[in-house]
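One letter stands for each residue in the lines below.
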Amino acid sequence: MAANEFQQHALSVADSQQANAAFAERRAIAAERFAATAWPGRKTEAWKYTSLRSLQELTEASFAEQAKAIELPEAVKAVDSYRLVFVDGVFQADLSGDLPEFACRFSEANAEQKAFINEKLGTVVATQTESARNLFSYLNDAWLHDGVLLHLPRGASLNKPLYLVYVSTSEAANATLAHQRLLVWLEDNSQANVIEHYLSESVASNDDDVSSLTNGITEIHVGQNAQLHHTRLNLEDEAHTHIGGVHLALSRDSVAKCFALGEGGRLKRIDYQISHNGPGAELIMHGAYLARNKQLIDYHTCIEHREPHCNSLEVIRGIVGDKAKAVFNGRIHIHQDAQKTLAELHNRNLLTSNGAEVDTKPELEIYADDVKCAHGATVSQLDETALYYLQSRGIEAAEARMLLSYGFVNEVLSQLPYQPLLESLQVRLRARFIDEARKSAAEKLIGESA
Amino acid sequence: MLQIRELVASVEGKQILNGLSLDIKPGEVHAIMGPNGAGKSTLGNVLTGREGYEVISGEVLFNGEDMLALDIEERARAGLFLAFQYPVEIPGVSNMEFLKAAVDARRSHMKQEELSSFDFMKLAREASKKVSLDAAFLKRGVNEGFSGGEKKRNEILQMMMLEPSLCVLDETDSGLDIDALQVVADGVNAMRDSERSFIVVTHYQRLLDYIIPDYVHVLANGRIVKSGDKELARELEAKGYGWLEGEVA
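Residues numbered from 1 in each chain as written. Chains lettered and ligands numbered in written order. Predicted model: local features only at pLDDT ≥ 70, side-chain atom pairs only at ≥ 80, totals over all residues. Heavy atoms only, no water.

## Brief notes about the sheet that holds strand S12 (residues 223-228) of chain B
Residues and elements named next belong to chain B.
Then, in step 1: Here 6 strands make up an open sheet; going across it, the order is S6-S9-S10-S3-S11-S12 and the pairing mixed. In this open sheet, the two strands that pair with only one neighbour each are strand S6 (80-83) and S12. Averaged over all pairs of adjacent strands, the angle between their axes in this sheet comes to 20°, without regard to strand direction.
Then, in step 2: With 4 bridges joining them, S6 and strand S9 (residues 166-170) adopt parallel strand pairing. For Ala83, the partnering residue across the bridge sits in S9 and is Leu169.
Then, in step 3: Set on the sheet, helix H5 (residues 148-162) makes contact with S6, S9 and strand S10 (197-202); between it and S6 the angle comes to about 170°. (Pairing = 2+ DSSP bridges. Helix = DSSP H or I, 4+ residues; strand = E, 2+ residues; numbered from the N terminus. Axes fitted to C-alpha atoms, helices over the stretch in contact; angles between N-to-C directions. Contact = heavy atoms within 4.5 Å.)

Have a look at this one:
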């Protein structure tokens, strides 16, 4: 099957870039795979509820030549961290700090690090076989130039979080394609916190604009008895598209805590692929997705329990308003040898308008006979009794609606361990929910008077 | 303070209140008793303006103003407070945030300045002490995981913070042990003054040993069938409601 227009365009732009020679072979192979993969349609299971049609509007988009000067939000600056900033996919040195000895950009890697990157890159992603699902990992490989490596040696502990800030500034007139890559390798008994924060510099005024695409792929290996805390905030604006994934391989007795938040964006699709590769590994994941206007947010999580005595807990909440749509697909696959697995998946959704839609699908596949597995998915509306209770205390209807939405997501949000980020998100979400409630109240009034 | 005239109201198409009249003056405590299904809880919900409770005829004047024309939150800001029979849990919103939003709304209505966080915290801590709730409850989600008694005490705490002029207690005593009942009653009694009025809706006479009412009314079939003083409550406790229903028929 011939590659479609977007596929051809993306590859030709990738080709026109000056690329890191170390990745030439990898890029070529990936480009071939990407071009050969049939473009997903409605019948492609992994993309059933999420259309990629809007990407066809990006056939003029290019890559950014250099990083624009921008102002970072105060909350970002307030996090005590090793910070690296990329603007439209390009490293922005002025806003970035010094890196710890364990980390480097691919383009600055020394010989040893280069060899390590070449050996390990793609090994966590590669555990997945289904090609349609990996489509954008191929594309990311085909664009490989720069990226970030964090390699913690045995027993080392990173004293501050590694904080990657990815800013998108582009407008419809000069749309960009940006590909980000992160490789985190925690050797046995090491410990690290990593934050990936995607944001837009300005809020798009017209939600029909298609400004740019970001494709962020993260690979993380958590060694034996190692501890990871990973946060990924996808807060790009209305016109932005993000398709990316977080791939985690957990070794024996390792612990990974993940926090995921998706808000806004024309289209967001984030895949979490997590594999328990050694006994006694534990995953705890909290996440929320918040879609409004005509946004579409899609989270796919897949947890492979391959070994015995592993635990996984996923708590994911969604709030969908206006004419927005959200998709959640949570797969748990318990292999035959994975006895004594404890797996829980909870997905609750709140629809705040009649036009909103959510497609949620927990998928359990269990081949071991001695496991505990619980899952639940619910879709509900704002609780009328709770609204009444708040109003009966003098709280305005719109504020009452805001408080209920806020409370619903705040239970998950409060798991975020970075106070400045948490506080700024709480402020941002309150403002967002009150705006949404006022808008829906105004629409209701217009509806009644019509 | 409050005048209810010939109030007829229905819930889901079923008429529950059938011409209820009641006159409450500032500083008075009125107890409303009655059998299950008499319309006791409906009265509270109609007064606050809950959706689904439809007033068919009659009027309610609150400080001379047509209360039925006001929204739920406007009634609350004007000084009406309903202590819920079943307080609602709102996880993710701290009790403190909730109280602050409510107090701010009430104060802004009364043209008072917004309390500083410091003053507000101080007030909230004092109030929680008065109802024997540990200050840690202020940080927890609204009523989240509270026991029945803790929820009821939290209602009284809200009442203290909002300083309403008319308090409606909807079976606040139901399910409380003696200690919790004492705390609730102390909270109410501490708030009694010559301006503030109470409607105490209860199924059991016991509460009225702690909160001494000025008047006791018996509600049956959606109207007040007998009124008296606190002795009426004792009579009801001894005889039950059956004799009154006979009297009505």
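Further notes follow.
## A word on the packing of helix H2 (residues 24-36) of chain A against helix H5 (residues 135-142) of chain A
Think of two packed helices as two axes; the pair is described by the angle between the axes and how far apart they sit.
Residues and elements named next belong to chain A.
Then, in step 1: For the pair H2 and H5, the least separation of the axes is 7 Å and the interaxial angle reads 145°. Relative to H5, the crossing made by H2 is left-handed. Packed against H2, whose contacting residues are Arg26, Arg27, Ala30, Ala31, Arg33 and Phe34, the element H5 presents Leu135, Tyr138, Leu139, Asp141 and Ala142 at the interface.
Then, in step 2: Looking at side-chain class alone, the contact of H2 with H5 contains 7 nonpolar, no polar and 4 charged residues. (Left-handed = near helix turned anticlockwise from the far one by under 90°. Nonpolar A, V, L, I, M, F, W, Y, C, P; charged D, E, K, R; others polar.)

## Quick look at H2 of chain A
All names here are of chain A.
Then, in step 1: Under the 1.5 Å per step criterion, the end-to-end length of H2 is 18 Å for 13 residues, consistent within 8% with the ideal 18 Å.
Then, in step 2: For H2, the complete set of buried residues consists of Arg26, Arg27, Ala30 and Phe34. The buried side chains of H2 occupy one side of the element, clustering within an arc of 95° when seen end-on. Those residues of H2 that are exposed and angled more than 90 degrees off the buried face are Glu25, Glu32 and Ala36.
Then, in step 3: In this fold, the buried residues of H2 make contact with helix H1 (5-16), helix H4 (111-120) and H5. (Expected span 1.5 Å × (residues − 1). Buried < 20%, exposed > 50% of the residue type's maximum accessible area, 1.4 Å probe, protein only. Arc of directions from axis to C-beta.)

## Examining the interface of chain B and chain A
Then, in step 1: Of the residues lining the interface, 29 residues belong to chain B; the matching set on chain A comes to 21 residues.
Then, in step 2: If you sort the residues of chain B by the area they bury against chain A, Glu73, Phe84 and Val88 of chain B come out on top, with a joint share of 22%.
Then, in step 3: Viewed at the interface, chain A and chain B are joined by 2 salt bridges.
Then, in step 4: Close ionic contact of Arg430 of chain A with Glu97 of chain B constitutes a salt bridge, the shortest N to O distance being 2.2 Å.
Then, in step 5: For the pair chain B and chain A, the number of links is 13 residue pairs in polar contact (both at pLDDT 80 or more).
Then, in step 6: The set of elements that each furnish at least two residues to the side of chain B that touches chain A consists of helix H1 (40-48), helix H2 (72-77), S6, strand S7 (90-94), helix H3 (95-109) and H5 of chain B.
Then, in step 7: The greatest single-element share of the side of chain B that touches chain A, amounting to 5 residues, is contributed by H3 of chain B. (Buried area = accessible area lost by both parts, 1.4 Å probe. Salt bridge = Lys/Arg side-chain N within 4 Å of Asp/Glu carboxyl O. Polar contact = N/O pair within 3.5 Å; in protein donor to acceptor, adjacent residues only side chain to side chain.)

## Some details on the pattern of salt bridges
Then, in step 1: In the structure shown here, the tally under the stated rule is 40 salt bridges over all chains.
Then, in step 2: For the salt bridge of Arg154 of chain A with Asp188 of chain A, the shortest nitrogen-to-oxygen distance reads 3.4 Å. In this pair, Arg154 of chain A sits in the loop between strand S4 (148-152) and strand S5 (162-168) while Asp188 of chain A sits in the loop between strand S6 (176-186) and strand S7 (191-200), placing the two residues 34 residues apart along the sequence.
Then, in step 3: Residue Glu155 of chain B pairs with Arg393 of chain A through a salt bridge whose shortest N-O separation is 2.6 Å. Residue Glu155 of chain B is located in helix H5, and its partner Arg393 of chain A is located in the loop between helix H6 (384-391) and helix H7 (397-413); the two belong to separate chains.
Then, in step 4: Residue Glu155 of chain B is classed as buried on the basis of its relative accessible area of 0%.
Then, in step 5: Within the structure, one salt-bridge network assembled from shared partners comprises Glu45, Arg331, Lys361, Glu363 and Glu365 of chain A.

## Re the domain arrangement of chain A
Residue and element names in this part refer to chain A.
Then, in step 1: Looking at chain A, the domain boundaries give domain 1 (5-381) and domain 2 (396-450).
Then, in step 2: Taken together, the contact pairs 32 residues of domain 1 with 22 residues of domain 2.
Then, in step 3: When the area that domain 1 buries against domain 2 is broken down by residue, the three leading residues are Phe259, Arg292 and Arg317, summing to 24%.
Then, in step 4: At the junction of domain 1 and domain 2, the tally comes to 5 salt bridges.
Then, in step 5: Where Arg292 meets Asp435, a salt bridge forms, and the shortest distance between an N and an O atom there is 2.7 Å.
Then, in step 6: At the junction of domain 1 and domain 2, the tally comes to 9 residue pairs in polar contact (both at pLDDT 80 or more).
Then, in step 7: Elements represented by at least two residues in the side of domain 1 that touches domain 2 include exactly S7, strand S9 (227-235), strand S11 (255-263), strand S13 (282-291), strand S15 (311-320) and strand S17 (342-351).
Then, in step 8: A per-element tally of the side of domain 1 that touches domain 2 places S13 first, with 5 residues.
Then, in step 9: When grouped by side-chain class, the residues that make up the side of domain 1 that touches domain 2 number 16 nonpolar, 11 polar and 5 charged. (Domains from an automatic or database assignment.)

## Points about the sheet that holds strand S14 (residues 296-305) of chain A
Residues and elements named next belong to chain A.
Then, in step 1: Sheet architecture is open: 9 strands sit in the order S3-S4-S6-S8-S10-S12-S14-S16-S18, paired in mixed fashion. The open sheet has two free edges, formed respectively by strand S3 (103-105) and strand S18 (357-366), since each of these has just one partner strand. The mean angle between the axes of side-by-side strands here comes to 5°, regardless of whether they run parallel or antiparallel.
Then, in step 2: Where S6 lies against strand S8 (residues 212-222), 11 bridges are found, and the strand directions are parallel. Following the sheet pairing, Leu177 is matched in S8 by Leu213.
Then, in step 3: Its contacts with the sheet put H5 on S6, S8 and strand S10 (240-250), and the angle it makes with S8 is roughly 95°.

## Notes on the packing of H1 of chain A against H2 of chain A
Residues and elements named next belong to chain A.
Then, in step 1: Where H1 meets H2, the axes come as close as 10 Å, and the angle between the chain directions of the two elements is 170°. The angle between the axes of H1 and H2 places the two elements in the roughly antiparallel class. In this structure, H1 uses Phe6, Gln7, Ala10, Leu11, Ala14 and Asp15 to contact H2, whose residues at the interface are Arg27, Ala31, Phe34 and Ala35.
Then, in step 2: For the contact of H1 with H2, a count of residues per class yields 7 nonpolar, 1 polar and 2 charged. (Parallel < 35°, antiparallel > 145°, perpendicular 65-115°, else oblique.)

## Here's the deal with the pairing of S6 of chain A
All names here are of chain A.
Then, in step 1: The buried fraction of S6 is high, at 11 of 11 residues.
Then, in step 2: Of the two faces of S6, both are covered, the one formed by Thr176, Ala178, Gln180, Leu182, Val184 and Leu186 as well as the one formed by Leu177, His179, Arg181, Leu183 and Trp185.
Then, in step 3: Note: S4 against S6, 5 bridges, orientation parallel. Residue pairing across strands places Val148 opposite Leu182, the latter belonging to S6.

## What to know about the side chain of Ser392 of chain A
Then, in step 1: Examined against the element boundaries, Ser392 of chain A turns out to sit in the loop between H6 and H7.
Then, in step 2: Here Ser392 of chain A falls in the buried class, since its relative accessible area comes to 3%.
Then, in step 3: A distance of 2.8 Å separates a polar side-chain atom of Ser392 of chain A from the backbone oxygen of Tyr389 of chain A.
Then, in step 4: Of note is the side chain of Ser392 of chain A, whose polar atom sits 3.1 Å from the side chain of Arg393 of chain A.
Then, in step 5: Once you skip the residues sitting within four places of it in the chain, Ser392 of chain A turns out to touch Ile72, Ala76, Leu80 and Phe84 of chain B.

## So, the packing of aromatic side chains
All names here are of chain A.
Then, in step 1: Within this structure, the stated rule accounts for 14 aromatic pairs over all chains.
Then, in step 2: Measuring from centroid to centroid gives 5.7 Å for Phe86 and Tyr166, while their planes differ by 35°, and the two rings are tilted. With Phe86 in strand S1 (residues 82-87) and Tyr166 in strand S5, this pair connects stretches of sequence that are 80 residues apart.
Then, in step 3: Owing to a relative accessible area of 2%, Phe86 belongs among the buried residues under this scheme.
Then, in step 4: One aromatic cluster in this structure is built from Phe6, Trp39, Trp47 and Phe136.
Then, in step 5: One cation-aromatic arrangement involves Arg105 over Phe91; the distance from NZ or CZ to the ring centre is 3.6 Å.
Then, in step 6: Note that Arg269 overlies the ring of Trp47, its terminal NZ or CZ placed 4.1 Å from the centroid. (Phe/Tyr/Trp six-rings, centres within 6.5 Å; stacked < 30°, edge-to-face > 60°. Lys NZ or Arg CZ within 6 Å of the ring centre and 35° of its normal.)

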